[in-house]
Amino acid sequence: MSPVKIGVLISGGGTNLQSIIDNIENGNINGEIKLIISNRKDAYGLTRGKDAGIESIYLDRKLFNSEEEYNLYLIKELKKRDIELIVLAGYLKVLSKEFIEEFSGRIINIHPSLIPSFCGKGYYGEKVHQGVLDYGVKITGATVHFVDEGTDTGAIILQDIVYVDNEDTVETLKEKVLKIEHKLLVQAVKLYCSGRISVEGRKVIIK
């Protein structure tokens, strides 16, 4: 079975990206990252990609007249490389309807909470963990899901939990969740690349 061609979209440090790179290199994932794109010039994930010998580019929104034009260019670059799976690894821009339709069922995202809690509009980055602490829940976690036209509304692939302690801060909670994010995203990419995922309605079936 040929390695699945993967495109990764990032906005930041790329720790989730690094987990995927490492697991491809050690043979755990039957995939190949063909392209990394960041919407931020200073995203350290670009350096991680270049260090691994992967084509890594910064795409400046200011060079485009609209979000639609920006997303059409993204589509063109990904299709040019025959990308089969797109991983959003801390990508903080909203994808257009055209993008999601073009790669329907082939885009996965990692979110730092147990969807459907603490997700949707306004819940991104540290705001998720602040929301968890403010609400006083005892358990949170991370979710890998397919991306559809809603915000964090696609079918759920995998979830795992962490416990919220009384002394937790946004920073400590973020670190706890990040550890399971790395594990879950790698597992989800591995399952996809092995052809072990199917979707029935809202339910993801793992073979």
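Refer to the structure presented above.
Quick caveat: nothing in here was measured; it's all calculated off a predicted structure.

## Focus: the pairing of strand β6 (residues 139–146)
Along any regular strand, the residues point their side chains to alternate faces of the sheet.
Then, in step 1: Among the eight residues that make up β6, seven are buried, leaving the element largely enclosed by the rest of the structure.
Then, in step 2: Two elements, strand β5 (residues 107–111) and β6, share four bridges in a ladder whose sense is antiparallel. What sits directly across from Ile-108, in β6, is Phe-146.
Then, in step 3: Taken together, the seven bridges between β6 and strand β7 (residues 156–163) define a ladder with antiparallel strand orientation. Bridge pairing in β7 links Ala-142 to Asp-160.

## A word on the packing of aromatic side chains
Then, in step 1: Counting across every chain of the model gives five aromatic pairs.
Then, in step 2: Geometrically, the ring pair formed by Phe-64 and Tyr-70 is edge-to-face, given 5.4 Å between the ring centres and 85° between the ring planes.
Then, in step 3: Centre to centre, the rings of Phe-118 and Tyr-123 are 6.0 Å apart; their planes meet at 85°, and the pair counts as edge-to-face.
Then, in step 4: The exposure class assigned to Tyr-123 is partly exposed, which follows from its relative accessible area of 30%.
Then, in step 5: Sitting above the plane of the Tyr-70 ring, Lys-93 keeps its charged end 5.1 Å from the centroid.

## Overview of helix α2 (residues 44–51)
Then, in step 1: Looking only at α2, the buried set comprises Gly-45, Leu-46, Arg-48 and Gly-49. Along the long axis of α2, the arc covered by the buried residues comes to 160°, so they all point the same way. The exposed residues of α2 that point more than 90 degrees off its buried face are Lys-50 and Asp-51.
Then, in step 2: Looking at the buried residues of α2, the elements they touch are β1 (4–10), α1 (15–25), β2 (31–38) and β3 (56–58).

Reading the values: rules and limits
- Residues numbered from 1 in each chain as written.
- Predicted model: local features only at pLDDT ≥ 70, side-chain atom pairs only at ≥ 80, totals over all residues.
- Heavy atoms only, no water.
- Buried < 20%, exposed > 50% of the residue type's maximum accessible area, 1.4 Å probe, protein only.
- Helix = DSSP H or I, 4+ residues; strand = E, 2+ residues; numbered from the N terminus.
- Pairing = 2+ DSSP bridges.
- Phe/Tyr/Trp six-rings, centres within 6.5 Å; stacked < 30°, edge-to-face > 60°.
- Lys NZ or Arg CZ within 6 Å of the ring centre and 35° of its normal.
- Arc of directions from axis to C-beta.
- Contact = heavy atoms within 4.5 Å.

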